[in-house]
Amino acid sequence: MKKGFSVFLTVVLLSGAAFLFESCGKGQPSASPNSEVGLVFDVGGRGDKSFNDAAYQGLQMAKDSLGIKYQYIEPGGGSDRESALRQLANQKSIGLIFGVGFIFTDDITNVAKDFPDKKFACIDYSYDPSKPLPPNLIAIEFREEEGSFLVGAIAGLMTKTNTVGFIGGMESPLIRKFQAGYEAGVKYVNPKAKILVAYAGVTGEAFKNPAKGKELALSQYSQGADIIYHAAGVTGLGVFEAAREMKKYAIGVDLDQWNEAPGYVLTSMVKKGNVAVYDIIKQWKENKFKGGTAEVFGLKDNGVDFVYDKNNQPLIPESVYQKVEALRLQIINGQIKVPTQ
Amino acid sequence: MISQIFSLAFLAQTIRITVPYALASLGGVYSERGGVTNIALEGIILNGAFSATVGTYYTGNPLIGVLCGIAGGLLTALIHAVVSINIKADQIISGIAINLFAVGITKFVLEILFHSSSNSDRIPGLPHIKLGFIEQSPDIARLFGNPLVLFTILIIVASQFIIFKTRFGLRLRAVGENPEAADTVGISVTLYRYYGVLISGALAGLAGTWLAFDQHSFTDGMSAGRGYIALAAMIVGKWNPLGAAAACLLFGFAESLQIQLQGAGLPTQFIQMIPYVVTIIVLAGFIGKAVAPAADGVPYEKEK
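Residues numbered from 1 in each chain as written. Chains lettered and ligands numbered in written order. Predicted model: local features only at pLDDT ≥ 70, side-chain atom pairs only at ≥ 80, totals over all residues.

### Things to note about the overall build of chain A
Thinking step 1. Assigned secondary structure in chain A consists of 10 helices and 12 strands.
Thinking step 2. Taken across its 341 residues, chain A has 53% of its residues classed as buried.
Thinking step 3. Across chain A, contacts joining residues at least 24 apart in sequence account for 70% of those joining residues at least 6 apart. (Helix = DSSP H or I, 4+ residues; strand = E, 2+ residues; numbered from the N terminus. Buried ≥ 20, exposed ≤ 12 C-beta atoms within 10 Å, placed from the backbone. Contact = placed C-beta atoms within 7 Å.)

See the structure below:
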């Protein structure tokens, strides 16, 4: 009877493997060499309403206005990122390959060294200036702290209880950038404000636990916070749930998260992965690809921003908006230095 | 600060965190008392949450959603039952396979139904029961107005009775302790093991249902390790319904304490350790030896 089980297990594992590469080879059969773009998504894949979707938008923009063709792979969890990168790099037609997410940092560095005639770009690459990048790899970084500073300023100006909250996912240098910028923004406009800080955990699971996010947020709201900013991935969806329940405000992250709790989302700090992907493709197409460097997208480059549109304009007074716009200019021309830790 | 931490809101939060642990842990007790190790709880919770969400979304009726959540848990547990009891395969491997399978299948169907790999559309929550006598405290009223909280308390107490004071419970324990003896006196080992695993499926499915209604949607991987914590609580509670529930309450308390203390200015890394430190202290210091049912995890081979 053990045999029956091994058949069962094989079927399960095979269907798992089928998921991993379900979208291999989507796109057109190859044209001229090095003319297409390949992209490997982070865990979560397309439809995550966050960073992967932003990267995908960038691909679409490049397709529409630059006429490039693209292929992508959505890997599952675990170690298949590197093989996904290699699979794309091995195709003659593909000349530029993206990895989406800091988790690709080591994999894409190795693959870039093995394929010197292809170009690579990695979004959120955790760049270490002491380790030189291969000349065919661009590290794309965002100044999350700058965008977080501006939403922090909004929170600091709008809090009625003089208490605001921050909820992070996995405690890590990347997420602390959001926290540092936010705290600096709050304090800059409202030095007396109290800032409650909580993290959902210290592992990757901490980005996937909305029930925990909700409890963290409920706790901060009951301690007097009336606005909470989250940088916690799916865990942050629990923050919006708490905002609905307590009828308080939350601030979204990465993309405009208004739809998660309409009326309770004060604004969102948006990271424009789409702009970054599009810009890099454009540079590559025009033969201006500058490998071996870190390309940083901040307020100046329109790589980070906050949402102010017809949905949330009724929530944010004009005077607050004007003050925050003034801060934006001060950051862009260097009068305000936003801390990252 | 102390009074702020140990408030009614804190109590309510502790119980909210405990409910899914307790339901799944209780499920584990039924399954393992009958002799089937069930680390598939994690996957059952996830499938339960997903079924409850889909059921509620398409009917608009949370009560049908609850039934779907239970059904999703039952179906997942059925796989584990067939593989463990009929095929007599390794129960740990079957559990791991089911947990991996649950992650994949929920995400796959999520994309088909909701065109998103991260979360479903919003669903309505469970209707709240009005309890007149505690309306003055909104935290407590909201908590005990939730039918699943009331059900959880009832089922914990009832399970203690069922497992130790009824004929069904005696037979379930018999097939988990000494299946040969049970078989000799005419108790169907297969049947009672099915009962154990299926009840655990229904309860863990309900734990998932709680998560889905708490969040008003399904999100990818939302069980977030709760099945494993529930399993640990079951062992700490020595395979007793009341013991397991008490262990879950302790874990819920530690987690809630951790959440409250994060605002108190202590280093967050230190505070993150609290639940785990509590677990180790309790395991090492207060519980003593935890002995599993003798035939737990051992497939029963009928002698010819």
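Read on, since the account is not over.
### A closer look at the overall build of chain B
Thinking step 1. A tally of regular secondary structure across chain B gives 14 helices and 0 strands.
Thinking step 2. Along chain B, from the amino end to the carboxyl end, the secondary structure elements read α-α-α-α-α-α-α-α-α-α-α-α-α-α.
Thinking step 3. Taking 304 residues into account, the globule formula puts the C-alpha radius of gyration at 19 Å, and chain B, at 20 Å, falls close to it.
Thinking step 4. When its C-alpha atoms are laid out on the principal axes, chain B stretches across 65 × 50 × 40 Å.
Thinking step 5. The buried share among the 304 residues of chain B stands at 52%.
Thinking step 6. For chain B, the proportion of contacts with a sequence separation of at least 24, taken over those separated by at least 6, is 74%. (Rg over C-alpha atoms; globule rule 2.2 N^0.38 Å.)

### Re the environment of Lys300 of chain A
Residues and elements named next belong to chain A.
Thinking step 1. Note on placement: Lys300 falls in the loop between β11 (294-297) and β12 (304-306).
Thinking step 2. With 15 C-beta atoms packed within 10 Å, Lys300 lands in the partly exposed category.
Thinking step 3. Separated by 37 residues in sequence, Lys300 and Lys337 place their C-alpha atoms 13 Å apart.

### What about the domain arrangement of chain A?
Residue and element names in this part refer to chain A.
Thinking step 1. Along its sequence, chain A is organised into domain 1 (23-142 + 273-297) and domain 2 (144-270 + 308-332).
Thinking step 2. A separation of 30 Å is found between the C-alpha centroids of domain 1 and domain 2.
Thinking step 3. Domain 1 puts 7 residues into the contact, and the matching count from domain 2 is 5 residues.
Thinking step 4. For the side of domain 1 that touches domain 2, the leading source of residues is helix α2 (residues 51-66), giving 3 residues.
Thinking step 5. Among the residues making up the side of domain 1 that touches domain 2, the classes are represented as 4 nonpolar, 1 polar and 2 charged. (Domains from an automatic or database assignment. Nonpolar A, V, L, I, M, F, W, Y, C, P; charged D, E, K, R; others polar.)

### Structural notes on helix α9 (residues 273-285) of chain A
All names here are of chain A.
Thinking step 1. Taking 1.5 Å as the rise per residue, α9 with 13 residues should run 18 Å; its terminal C-alpha atoms sit 18 Å apart, in good agreement.
Thinking step 2. Counting buried positions over the 13 residues of α9 gives 10, a clear majority of the element.
Thinking step 3. Within the sequence span of α9, burial applies to Gly273, Asn274, Val275, Ala276, Val277, Tyr278, Asp279, Ile280, Ile281 and Trp284.
Thinking step 4. Asn287 sits one or two positions beyond α9 and adopts a positive phi of about 60 degrees. (Expected span 1.5 Å × (residues − 1).)

### Topic: helix α7 (residues 147-165) of chain B
All names here are of chain B.
Thinking step 1. With 19 residues, α7 ought to run about 27 Å at 1.5 Å a step, and its terminal C-alpha atoms sit 26 Å apart, in line with that.
Thinking step 2. Of all the positions in α7, only Val149, Thr152, Ile156, Ser159 and Ile163 are classed as buried.
Thinking step 3. On its buried side, α7 packs onto α2 (8-33), α6 (138-144), α8 (167-177) and α12 (241-261).

### What to know about the sheet that holds β12 of chain A
Two strands in a sheet stick together by hydrogen bonds in their backbones, pointing the same way (parallel) or opposite ways (antiparallel).
Residues and elements named next belong to chain A.
Thinking step 1. One open sheet holds the 6 strands; their spatial order is β7-β6-β8-β9-β10-β12, and the pairing between them is mixed. Of all strands in the sheet, those with a lone pairing partner are β7 (194-201) and β12, marking the two edges. If you compare each strand with its neighbour and ignore which way they point, the axes differ by 15 degrees on average.
Thinking step 2. Where strand β6 (residues 163-170) and strand β8 (residues 227-231) come together, 5 bridges link them in parallel fashion. If you follow Gly165 over to β8, its bridge partner there is Ile228.
Thinking step 3. With respect to the sheet, helix α6 (residues 173-189) is in contact with β6, β7 and β8, its orientation differing from that of β6 by roughly 170 degrees. (Pairing = 2+ DSSP bridges. Axes fitted to C-alpha atoms, helices over the stretch in contact; angles between N-to-C directions.)

### A closer look at the confidence of the model for chain B
Predicted coordinates in regions of low pLDDT should not be interpreted in detail.
Thinking step 1. Residues of chain B with pLDDT of at least 70 account for 95%, and the chain-wide mean is 90.
Thinking step 2. Put simply, helix α1 (residues 2-5) of chain B is where chain B has its lowest mean pLDDT, 61, and helix α3 (residues 41-59) of chain B is where it has its highest, 97. (pLDDT = per-residue confidence, 0-100.)

### So, the interface of chain A and chain B
Thinking step 1. Counting from both sides, the interface comprises 41 residues of chain A and, opposite them, 37 residues of chain B.
Thinking step 2. The set of elements that each furnish at least two residues to the side of chain A that touches chain B consists of α1 (2-20), β7, α7 (210-222) and α8 (235-246) of chain A.
Thinking step 3. Of the residues belonging to the side of chain A that touches chain B, the class tally is 17 nonpolar, 14 polar and 10 charged.

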